[in-house]
Each structure stands twice: as structure tokens, then as C-alpha cells.
Amino acid sequence: MSIRIRLSILTIILFIISTAALAAKKFPPGEGVIGTLTGTVTDKADGKPIIGATVHVPDIKTGAVTDVNGHYILNNLPRGIYLVQVSYLGYGTYNQRVDFTKTTVLDVQLTTSSIEAGEVVITGVSKATEIKRDPVPMAAVSKAYIDQRSAAGNVIDVIANLPGISAVTTGPNVSKPFIHGLGYNRVVTLQDGIRQEGQQWGDEHGIEIDQNSIDRIEIIKGPASLTYGSDAIGGVVNLLSPPPVPEGSILGSVTSSYGTNNGQVNGSFRLQGNQNGLVWGTIISEKAAKDYQNLHDGRVYGTNFLEKDARVMVGLNKKWGYSYLNASVFDDTQAIPDGSRDSLTRQFTRRITEADVTREIVPASVLNSYSIPTLHQHVQLYRIYDNSNFALGSGNLIVNLGYQFSHRREYTHPSEPDIPGLNLHLQTYTYDFKYNFNWGDDYETTFGINGQYQNNTIDGGTVFPIPAYHQFDAGPFFVIKKTYGKLDLSAGARYDTRSFSGQAAYVDTTNVNFPSLYTGSNPTGTANVYSQFNALNKTFSGYSGSFGASYNFSNEFLIKANIARGFRAPSIAELSANGPDPGSQIYHVGNSNFNPEFSVQEDVGAFLTLKDVSVSVEVFNNDIQNYIYQQQLLNPDGTPAHNPVYPLYNEFSYTQSHARINGGELGIDIHPFAWLHFENAASLTYGTNLGNGGKVADSLKYLPFIPPLHTHSELRATFNKGFSSFRNVYGFIGFDHFSAQDKFFAAYGTETYTAGYNLLSAGIGGNLVNAAGKVIIKLFVEGTNLANVNYQSNMSRLKYFDNPNVPAGVQPGIFNMGRNISFKAVVPFDLSPHKKEFLKGD
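A quick note: this is a predicted structure, and the numbers were derived from the prediction, not measured.

Chemist: How would you explain the packing of aromatic side chains if you had to name every residue and give the values?
Modeler: Enumeration according to the criterion identifies 32 aromatic pairs in this entry. Measuring from centroid to centroid gives 5.4 Å for Y435 and F437, while their planes differ by 25°, and the two rings are stacked. Classification of Y435 as buried rests on a relative accessible area of 0%. A centroid spacing of 5.5 Å and a plane angle of 50° characterise the contact between F567 and F598, whose relative ring orientation is tilted. Highlighted residues: F567 in strand β36 (residues 557-568) and F598 in strand β39 (residues 597-609), separated in sequence by 31 residues. The same class applies to F567 as to F598, namely buried. A cation over a ring is seen here: R149 above Y145, with NZ or CZ 3.8 Å from the ring centre.

Structural data, given as C-alpha cells:
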């Protein structure tokens with residue numbers, strides 16, 4: 001790390017500390033705490049108390065649930081103005097900023113509502129903010145939404161159907177989020193605000209987070225470099241773990257689900273407690289699946305998996321703020337599909353020798369087994385992180401620190417199953433400091449700095465797609481928000497620096513089937529040793545900024561607009577890759593001369609919310625300089641080029657160009673009755689390659705991995721009071737249309753035309769309660785692709801997995817999953833000491 005960078009970081013940290021110290025001097029520690037907020041939550045129509053309503057202060061991770069009298073109490077509240085949120089199923093959410101210095105009693109009347117409004121987010125903002133009052137395009141889904149998507153194979157699949165969101169998939173357990181046509185190292189995935197780092201450059205490297213540990217998901221749909229730095233040029237997905245349970249409670253649940261298509265079994269145990277501000281919790285999960293199936297392919301070999309997860313949290317919620325220490329382990333053993341088939345029968349085959357001269361047809365017993373094959377990948381991520389928020393003076397000092405160790409092994413040797421082909425070890429240290437306070441005439445202000453340090457090693461394998469390297473990121477920033485009545489303004493700026501130090505490496509190919517890193521002192525004079533990577537030292541820097549406004553003409557109508565400049569430094573793979581990745585079947589070739597990406601994105605949206613209908617229109621335009629993407633290399637005869645040392649892998653090189661991505665989303669939700677919802681959404685994204693000057697060839701003019709026109713319609717019925725012993729009953733029928741993708745990156749055979757298709761889905765569920773109203777079990781059923789349609793998504797990498805030569809009249813590649821019906825049950829339990837009364841379930 002250079003002296004200049006160190007001095008810059010030190011200056012920013014000292015500035016944050018000085019600002020906080022001045023605020024603390026103005027408000028000494030003894031004066032920084034107010035005490036309590038109490039009140040009663042009632043139904044506005046009849047004045048009756050609402051039992052089990054949630055009262056939550058998102059910024060300080062504290063909350064309560066109303067008792068049988070509708071009463072609540074919040075203790076250990078700090079000085080300041082915070083957003084208080086009150087919610088209950090079937091009622092409109094109440095959001096109110098409350099000055100805890102002046103207010104100790106807050107009574108709330110809720111109104112029944114069929115419109116889902118008042119959503120609050122904590123991602124990318126200084127303080128918890130209603131989505132409608134933030135200029136940046138955002139979306140959020142709740143625990144109820146996640147539960148009802150019981151057929152989702154992983155946590156990213158839960159949100160992949162939202163407007164503007166999609167996912168690049170490699171089977172049912174590997175999905176990478178895409179936002180408005182951008183993904184990989186352009187979308188930052190967080191868990192509780194901590195970056196998830198696990199070799200995101202890889203095509204088949206999924207998100208290493210247990211879906212059972214997530215209760216809420218927030219998405220920034222656009223450049224978020226301002227608060228999250230390089231790699232957030234496309235947006236952010238923040239996966240939030242369960243909030244603390246109410247004071248004095250010990251609550252838990254046991255969850256189990258089963259999917260009919262691939263026999264996916266998913267079980268999870270959860271237990272949380274909160275005693276006098278000591279909060280704790282644990283989640284233990286395991287899921288397994290066989291190869292998935294469809295009518296075209298039968299069972300798809302190499303798509304089964306076994307995933308085991310565990311996490312523990314312990315923390316304090318006190319007058320000075322909160323601090324939560326989290327530790328988790330993600331352990332996934334995943335088969336590796338390659339799509340090879342018998343030339344006559346089109347049955348899947350498997351590799352059995354190093355020479356790979358012949359392959360055997362995969363037996364039906366193997367296809368229908370949970371056993372992981374010899375050729376597979378084993379991915380482990382160990383994570384420990386701390387989220388702290390200290391009430392300091394008139395503001396809050398937020399400190400998020402994390403450590404992660406990602407160990408990725410891909411076993412590719414049938415004769416030596418214990419020797420990994422790919423063996424990567426990535427250590428990541430993340431830091432995030434920011435001070436939030438009100439400056440001057442009620443300007444919500446944040447000063448901060450965040451970044452990461454990484455150390456990657458590559459020893460112990462036989463293939464080496466990327467070098468060993470060190471990376472350091474640092475980015476100071478500020479954000480200011482001001483409200484003028486109905487007008488909300490937000491602005492900010494940031495300066496990012498990223499430094500790479502890649503190590504030179506030589507490979508010894510004496511054993512042609514098992515190459516290894518050369519560790520001797522004379523690589524250039526030793527036979528069968530060649531250079532794999534040259535030493536690399538690079539530093540990239542750039543500015544990001546954002547300015548936006550939201551104007552609420554009334555409670556029913558608002559408009560939002562935002563313009564943002566994003567920055568992204570090239571990844572280590574884009575700069576230095578020179579080797580095969582077994583899971584993707586690609587030999588990656590990087591370019592050390594790349595420049596950083598810079599984007600300018602404009603977003604405009606209008607939102608109308610009436611009693612029985614809501615309408616939203618959002619459009620965006622994103623101009624990206626130095627856009628980096630991969631293209632396949634071809635031989636002179638037009639066939640895919642294969643690396644001579646690794647002949648099983650197609651060669652892909654990274655290249656750079658000027659690009660534009662634009663599109664929009666339309667939503668129309670009709671609520672003719674309080675219990676009936678007709679929800680409709682449409683998303684359209686265009687990705688255009690503008691080239692580097694001069695005319696762009698037709699085969700080059702579109703960008704890869706751009707989703708087609710997607711429309712979603714859903715007829716949903718909800719009966720909160722239910723029937724007899726069933727409460728919170730719901731049912732829905734969904735229809736998804738995906739248009740043909742005829743605007744694809746055709747050059748060099750990188751992408752091909754994808755036909756359009758229609759998918760039918762449905763779901764039903766509810767809570768079974770006893771005579772006293774206590775929830776005994778929650779039931780969820782979801783069916784996807786109910787018509788059992790044969791289709792290929794252009795966002796599925798398996799679309800391109802097949803033999804080099806396919807018989808005439810046969811559609812090459814692997815098709816997506818056929819009909820799947822998932823059954824999910826959640827059994828809650830209450831171990832709270834001296835419990836005098838239960839709380840009704842939500």
C-alpha cells in the first residue's frame with residue numbers, strides 16, 4: 001500500500017473521529033440517552049387494540065410486539081430523531097420520524113389496507129428511509145415473501161423474478177444476481193451490510209450464503225458506488241439476517257421443505273433470545289438434492305448438491321447503542337455439469353479417465369442419487385463480522401468489520417479424486433466506518449470510509465486461472481439529505497482507490513495430467529516449466545457521485561429522479577486471467593492494459609397509489625465507458641478455439657468497449673376487493689455495444705447476458721382472518737412471459753438465439769392455530785413451471801453445455817428445470833421464561 005493511500009485513509013478516519021468528538025462534546029455521554037417510548041396500537045375503525053403488531057426502530061435494531069392490550073414499550077433509546085415503524089398484516093404500515101428527546105409516548109392507529117406501501121430500507125441510506133422518499137431506485141422483500149417462494153433453490157432465486165432483477169444460473173443451487181443487465185463484479189452482495197467475497201469473477205461461483213438465514217432482502221437498482229465503492233456500479237443486494245426478538249423472549253422455529261423435481265430436502269433450526277439487552281441467536285441448516293429433470297433431457301447429470309450451514313450471533317443492545325458479533329460457515333459440495341452426451345442416444349455421459357478418450361453413459365441409479373460424483377466442487381466460506389452502532393453526541397458512529405476465508409476446490413481428476421484441479425484460498429478483511437449526524441438546519445449527513453484487503457493464494461491445485469495476489473480498496477465518501485416539506489433531496493460524492501499486486505508464477509508440466517506450481521529457483525532453465533503469470537502491480541482510482549430528488553405531490557402520487565456516476569476497477573481475472581476454470585469449462589484470458597469502468601446512469605420514476613389501484617413507471621439509461629466483457633475465441637475455420645495445454649476448455653478473452661444499457665419497468669396492481677390482488681409487472685432491458693470508434697458489426701452490437709422482455713401477472717387472494725383454525729391464508733396463480741432474445745452477442749459464437757416461453761406457477765398457504773389463536777404450524781406450497789414446459793433461459797449457462805457437434809434437428813444445450821412443487825412447513829416455538837401470555841403469530 002502506497003504512502004499516499006495510507007495518509008488519505010488516516011486523514012479520513014481522523015476527520016470522522018474529530019467530527020464525532022465534537023458532537024460528543026456538545027452532547028456528553030450522560031445526556032445521550034433518553035430512556036423509553038411507550039404507546040398503544042389500535043384499529044382506527046373500531047378502536048380495538050391490535051395484538052401482535054410490530055413496533056420497530058430499524059436504525060438501532062430494537063423493537064417490540066404489542067401485548068393483549070395493544071401496548072408496547074421500547075427501552076434504552078438514544079438521543080436523536082429516528083424512524084419508528086408500526087406494522088401488522090392486513091393494515092397499512094405506519095412510519096413516523098420521532099424525536100426521542102421530546103417524545104416518550106406514541107399512540108398509533110392503523111388502517112386496514114390492501115395496498116403494500118410504506119416499505120422502509122436501511123441499505124445505501126444514512127438512516128432508515130421510506131422507499132418512496134429516497135431518490136435511488138430500490139426494492140425490498142419481507143420474510144413473508146421469502147417464505148411463500150418456497151420453491152426457490154437459493155436466496156438469489158427468491159428475487160430473480162422482481163422487475164429489473166434477473167440471475168445467471170448454473171443449475172438450481174448456483175445463481176448470480178443481475179440488476180438492469182449488470183452482474184458478476186458489478187453487483188455487490190452484502191450480508192448485514194458486509195460484502196460477500198468468494199471469487200465472484202467465476203461464471204459458476206454462486207452466492208455463499210444460507211437462504212434459511214435471511215429474513216429480508218433489499219436491492220439498490222443502479223449505481224451504488226457512492227456508499228459501497230468499486231463493484232457496486234450495477235447495484236447492491238443486501239441480505240439481512242433475522243432482527244432481534246423482543247425483550248424477555250426466547251423464540252425459535254424448525255423449518256422443513258421438499259421439492260418434487262429434484263427431491264430437494266431443506267431443513268433448518270432457528271433459536272433466538274433477548275434478555276436485558278443481551279441478544280443471541282443461532283441457525284443450523286442442511287439441504288440436499290438429486291439431479292434435476294425436464295422432459296427434454298430427463299435428469300441432468302452433474303446438478304445435484306449437498307449444502308450445510310451454521311451461524312451464531314451474540315450482541316448487546318444498550319443505551320450506548322448496539323454491537324452484534326456474527327460467525328458463520330457455508331459448506332457446499334456441488335456436482336459439476338459439462339453436458340457431454342452419447343452421440344446416438346443423447347444420454348448424458350461422464351468422464352472416467354484422465355485421457356478422456358471414451359466416456360460411459362451415466363446409469364439411471366446415479367442420476368437419481370443424492371451421492372455427489374467424483375468430479376465436483378467443494379466451496380467453503382468461513383465468515384466472522386461485527387455490526388456496531390454507537391450513540392455518540394448528536395449522531396451515530398457505525399462500525400462494520402469483517403473477516404472471510406473462502407476456500408474453493410474443484411475436483412476434476414477421475415483417477416485421483418482427492419487431488420483438486422482448482423484450489424483457491426481467498427482471505428478478505430472488510431472495514432466500514434461512518435458517522436451519521438444532523439448538520440446545520442436539519443441536514444442528514446454522513447461522512448465515512450470503507451473498503452477491503454484481500455489475499456489470494458493458488459497452491460495445491462493443477463489448474464491456475466488467476467494468480468496469487470494482494471488487493472487493497474479504500475473509498476472516503478459523504479452523503480447529505482435534506483427534506484423541504486414534500487421535497488427530498490440527496491447528494492454525495494466519493495473517491496475510490498484500488499491497488500493490485502499480482503505474483504509471477506510458473507507451472508511445471510512434467511506430469512502432463514497433474515501440472516503443479518514450480519517452486520524452484522531456475523524456472524527459465526528447467527525443462528517442462530513455462531510462465532503462467534507475470535508480476536502485476538496496478539492502481540486504479542476514480543470519483544463517484546450522485547444527486548437525486550423525490551417529490552411527494554400527495555400521499556397518492558410522487559415522482560423520483562436520480563443521476564449517478566459509478567466507478568469500477570477491473571477485477572483480477574479481467575486483468576490477469578490465464579488459465580482454465582473447470583466449473584465454467586472456459587479458459588480465461590485477461591488483459592493487464594484495461595482501464596477502469598465509469599458509468600453515468602439517469603433514473604426517473606413516477607408512482608401512483610390509490611385505494612384500489614397502484615401504478616409505477618420507472619425508466620433508466622446507463623452509459624458505461626470501458627465496459628469489460630468476455631468473448632469466445634475462434635479458430636480460422638470458425639470452430640471454437642481450445643487451449644493446447646488444456647484441450648477440454650474453450651478459450652474466452654476479456655475485451656473492453658463503450659456500452660449503453662437502458663430500459664424500464666411498469667407495474668400495475670389492481671385491488672378490487674380487500675382480499676383480492678391482481679399484480680402485473682413488465683421489465684425491458686436493452687444492452688448495446690457502442691464500440692471503440694467506427695461502425696460496430698451486427699454480430700457485436702449487443703451485450704451478453706441481457707435478459708429479454710419479461711412480464712409477470714399474478715392473481716392473489718389473501719384472507720388475514722382466515723377460516724376456522726387457519727389464519728393468514730393466501731393463494732395465488734402466476735403467469736410469466738419471457739420474449740425471445742434475438743438481440744444477443746453473436747460474435748464468435750459467444751451467444752445464440754433464445755426462443756421465448758411462458759411459465760405457469762401457483763401457491764397456497766396459511767397458519768394453523770389452536771383454540772387460543774397461537775400458531776401451531778405455518779404451511780407453504782408453491783408450484784413452478786406447472787405446465788412442464790421445455791425451455792432454455794438465455795441467462796442459464798447450461799444452455800451452452802453440450803457436445804461440440806450436435807445432430808441436425810436437435811436443439812443443443814441443457815434445458816431448464818421442469819415442473820416442481822415445493823412443500824414447506826415452519827413450526828414455531830416459544831421458550832420465553834415466566835411467559836404470562838403468548839403473542840399471536842403474523
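Chemist: Before we move on, can you summarise the side chain of H712 with the specific residues and values?
Modeler: Assignment of secondary structure puts H712 in strand β43 (residues 710-719). You can call H712 buried: its relative accessible area is 15%. At 3.2 Å, the side chain of H712 and the side chain of E714 are in polar contact. Once you skip the residues sitting within four places of it in the chain, H712 turns out to touch N161, E679, N680, A681, F735 and D736.

Chemist: I'd love a proper account of the sheet that holds strand β5 (residues 81-87), names of residues and values included.
Modeler: Taken in spatial order, the 4 strands line up as β3-β2-β5-β6 in an open sheet, and their pairing is antiparallel. Of all the strands in the sheet, just β3 (62-65) and β6 (94-99) have a single pairing partner and so form its edges. Across this sheet, the average inter-strand angle for adjacent strands is 20°, counted without regard to direction. Pairing of β5 with β6 involves 6 bridges; the strand directions are antiparallel. Bridge pairing links L83 to R97 in β6.

Chemist: Requested: an account of the sheet that holds strand β13 (residues 187-191), with residues and values cited.
Modeler: Taken in spatial order, the 5 strands of this open sheet run β10-β15-β16-β13-β14, and their pairing is mixed. Looking at which strands have only one partner, the edges of the open sheet turn out to be β10 (138-141) and β14 (194-195). Two strands pair when backbone bridges link them, and strand β15 (residues 216-220) and strand β16 (residues 235-240) are joined in this way by 5 bridges, in the antiparallel orientation. The residue of β16 that forms the bridge with I219 is V237.

Chemist: Give me the lowdown on the pattern of salt bridges, citing residues and values where you can.
Modeler: Taken as a whole, this structure holds 31 salt bridges when the rule is applied. The closest approach of N and O atoms between K824 and D147, which form a salt bridge, is 2.8 Å. With K824 in strand β47 (residues 820-830) and D147 in helix α2 (residues 143-148), this residue pair connects regions lying 677 residues apart in the sequence. Between E307 and K287 there is a salt bridge whose closest N-O contact spans 3.8 Å. In this pair, E307 sits in strand β22 (residues 305-318) while K287 sits in strand β19 (residues 278-289), placing the two residues 20 residues apart along the sequence. Residue E307 shares its accessibility class with K287, and that shared class is buried. Because the salt bridges share partners, they merge into one network encompassing R195, E197, D231, D473 and R498.

Chemist: Please provide a residue-by-residue account of a nonpolar patch on the surface, values included.
Modeler: Together, V604, V617, V619, L666, I668, I670, F678 and L715 line one region of the surface with nonpolar side chains, adding up to about 600 Å² of accessible area. Contributions of two or more residues to the nonpolar patch are made by β40 (613-632) and β41 (650-673). When residues in the nonpolar patch are grouped by element, the largest group, 3 residues, is from β41. Structurally, I668 is set in strand β41.

Chemist: I'd like to hear about unusual backbone geometry, residue by residue, with values.
Modeler: One non-glycine residue, D192, lies in the positive phi region at around 55°. Summarising the element assignment, D192 is placed in the loop between β13 and β14. One non-glycine residue with positive phi stands out, namely S724, at about 55°. Topologically, S724 is positioned in the loop between β43 and β44 (726-738).

Chemist: Account for the pairing of β13, with residues named and values stated.
Modeler: In terms of residue burial, β13 counts as a mostly covered element, since 5 of its 5 residues are buried. Neither face of β13 is left uncovered, since the one carrying V187, T189 and Q191 and the one carrying V188 and L190 both have all their residues buried. Where β13 meets β16, 5 bridges bridge the pair, whose relative direction is parallel. Among the inter-strand pairings, V188 is bridged to a residue of β16, identified as V236. In this structure, β13 lies alongside β14, joined through 2 bridges in antiparallel fashion. Within the sheet, the bridge partner assigned to L190 lies in β14 and is R195. Counted along the chain from β13 to the antiparallel partner β14, the turn is 2 residues long, and its residue D192 has a positive phi close to 55°.

Chemist: Please give an account of the environment of K560 that cites residues and values.
Modeler: Considering the arrangement of structural elements, one finds K560 in strand β36. Along the chain, K560 and D134 lie 426 residues apart, while their C-alpha atoms are 7.8 Å from each other. Polar side-chain contacts of K560 include one of 3.0 Å to the backbone oxygen of I131.

Here is what the cut-offs are and how they apply
Residues numbered from 1 in each chain as written. Predicted model: local features only at pLDDT ≥ 70, side-chain atom pairs only at ≥ 80, totals over all residues. Heavy atoms only, no water. Phe/Tyr/Trp six-rings, centres within 6.5 Å; stacked < 30°, edge-to-face > 60°. Buried < 20%, exposed > 50% of the residue type's maximum accessible area, 1.4 Å probe, protein only. Helix = DSSP H or I, 4+ residues; strand = E, 2+ residues; numbered from the N terminus. Lys NZ or Arg CZ within 6 Å of the ring centre and 35° of its normal. Polar contact = N/O pair within 3.5 Å; in protein donor to acceptor, adjacent residues only side chain to side chain. Contact = heavy atoms within 4.5 Å. Pairing = 2+ DSSP bridges. Axes fitted to C-alpha atoms, helices over the stretch in contact; angles between N-to-C directions. Salt bridge = Lys/Arg side-chain N within 4 Å of Asp/Glu carboxyl O. Patch = residues over 30% accessible without salt bridge, like charges linked within 9 Å, V, L, I, M, F, W, Y side chains within 5 Å. Areas by Shrake-Rupley, 256 points an atom, 1.4 Å probe, with all protein chains shown as cover.

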